[in-house]
Amino acid sequence: MSPQAKIINWNPLIILLLIAALAGVFALLVLEKSKPKIAEKNVPAGDQVSSQQYHWKMVTSWPKNTPGLGVGAENVARVINEMSGGRLQIHVYGANELVPAMGVFDAVSSGSVEMGHSGSYFWRGKVPAAQFFTSVPFGMNAQELYGWINHGGGLELWRELYAPFNLIPFPAGNTGVQMAGWFNREINTVEDLRGLKMRIPGLAGEVFNLAGGTAVNIPGGELYTALQTGVIDAAEWVGPENDLAFGFQQIAKYYYYPGWHEPGPSMELIINKTAFENLPKDLQAIVTYAARAMSQDMFDSYTAHNSRALKELVENQGVQVRRLPDEVLKRFYEISQQVYEQQSAKDPQFKKVYESYSAFMKDSAAYQKISEQTYYEVRSELTK
């Protein structure tokens, strides 16, 4: 065979291979494009995790870092920051640092700040029924109140009340049963209340007025001076831990119980609705569950610290702890029932919340009578 016959012309073969390769690449691209994008299809745009950072302001009704209350607000902000990996950072302002102690509701409602930590009974002039979500005279204790709020329809009613103000409320702390307060004179009869000026907020203040006293609502940071200078004759604040920290034992002689006016007051976290809805869904969930977790944490803290503080007040500070006379408690109870009925008659919102609250408390009381109440009685008898 001649050398010319052995030479192979590769050009057509190379061309065919290139065409086949291009056809394969094209087929792969078509297949990839045709695959269903499961993640994009199943995850709504608003639910996708974003790396965007949010910086919020929280205003409070408490002096900065007040034990329990102020620390509780700081804890909510801290936990939200930690759980969000720093994506939602909240700067906390104490009372009067950014807005007045009683200006929290309006500041958050207007959107000038995103979040507030306070007590709903401070807003009784705007939303009378809101008082049930902090505490009312002879009402539910902490565990009953949270049962109603979280599992008894209370939260839905609360949010319905706040909706016209562009606010979303969350429970965010509880002090447990409070003390009745500090007095500069003994209370032996109802007559001893006449003309007595006392710092006592919410519905309890109205009851106190009708019992013959004069109720005033003074922010916590101003109480010491008001009691010391005689602007008021008595003051309820919280309980042993906070009262010891504020030094009330230095200026008042008698420390009365029980806290008929606030048997289980819940703090509230209020959030501007527009700001909350602008958060990604995962951050909304973090805010929701951080508030709930810190609500229990504050209650646990008060349970631990109040007993120690009471011991200090009695054993080392010489405080005289007194029980309010049955006559006085009975009178407070009678008036409180009248106030509930009168307010319900003129305010449909108040009536709606009161009926839900009362029905839950009645059902709870039946069980508490044979559980918590009986247990305390038995334990007290056996440990004498």
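Quick notes on the rules
Residues numbered from 1 in each chain as written. Predicted model: local features only at pLDDT ≥ 70, side-chain atom pairs only at ≥ 80, totals over all residues. Heavy atoms only, no water. Buried < 20%, exposed > 50% of the residue type's maximum accessible area, 1.4 Å probe, protein only. Helix = DSSP H or I, 4+ residues; strand = E, 2+ residues; numbered from the N terminus. Pairing = 2+ DSSP bridges. Salt bridge = Lys/Arg side-chain N within 4 Å of Asp/Glu carboxyl O. Axes fitted to C-alpha atoms, helices over the stretch in contact; angles between N-to-C directions. Parallel < 35°, antiparallel > 145°, perpendicular 65-115°, else oblique. Left-handed = near helix turned anticlockwise from the far one by under 90°. Contact = heavy atoms within 4.5 Å. Nonpolar A, V, L, I, M, F, W, Y, C, P; charged D, E, K, R; others polar. Phe/Tyr/Trp six-rings, centres within 6.5 Å; stacked < 30°, edge-to-face > 60°. Lys NZ or Arg CZ within 6 Å of the ring centre and 35° of its normal.

Visitor: What is the right way to look at the pairing of strand β1 (residues 54-60) in this model?
Guide: Two faces, one strand: in a regular strand the side chains alternate between the faces of the sheet. In terms of burial, β1 is a largely internal element, 5 of the 7 residues being buried. Sheet analysis places β1 next to strand β2 (residues 88-93), joined by 6 bridges and oriented parallel. From the neighbouring strand, Tyr54 faces β2, where its bridge partner is Leu88. Bridge count for β1 against strand β3 (residues 115-118) is 3 bridges, and the pairing is parallel. Bridge assignment links Thr60 to a residue of β3, and that residue is His117.

Visitor: So what exactly am I meant to see when it comes to the pattern of salt bridges here?
Guide: When their charged atoms lie close together, side chains carrying opposite charge are able to pair. Taken as a whole and judged by the stated rule, the model has 13 salt bridges. Between Glu334 and Arg331 there is a salt bridge, with the nearest N and O atoms lying 3.5 Å from each other. Remark: Arg331 and Glu334 occur in helix α13 (residues 326-346); sequence separation between them is 3 residues, near one turn of the helix.

Visitor: What exactly am I supposed to notice about the packing of α13 against helix α14 (residues 348-370) here?
Guide: If you want to describe how two helices pack, look at the angle between their axes and the distance between the axes. At a minimum axis distance of 5 Å, the contact between α13 and α14 shows a crossing angle of 130 degrees. In terms of orientation, α13 and α14 fall into the oblique class. Handedness of the α13/α14 crossing: left-handed. Here Gln337, Tyr340, Glu341, Gln343, Ser344 and Lys346 of α13 come into contact with α14, specifically with Pro348, Phe350, Lys351 and Tyr354. Split into classes, the residues belonging to the contact of α13 with α14 amount to 4 nonpolar, 3 polar and 3 charged.

Visitor: Looking at this model, I keep getting lost on the packing of aromatic side chains. Mind explaining?
Guide: The way to describe two aromatic rings as a pair is by their centre distance and the angle between their planes. This model, assessed by the stated rule, comprises 27 aromatic pairs. Aromatic side chains Trp182 and Phe248 sit 6.4 Å apart centroid to centroid with 50 degrees between the ring planes, which places their arrangement in the tilted category. You can see Trp182 sitting in strand β5 (residues 181-183) and its partner Phe248 sitting in the loop between α10 (240-246) and β9 (254-257), a full 66 residues away along the chain. Arg159 extends its terminal NZ or CZ atom over the ring of Phe170, reaching a point 4.5 Å from the ring centre.

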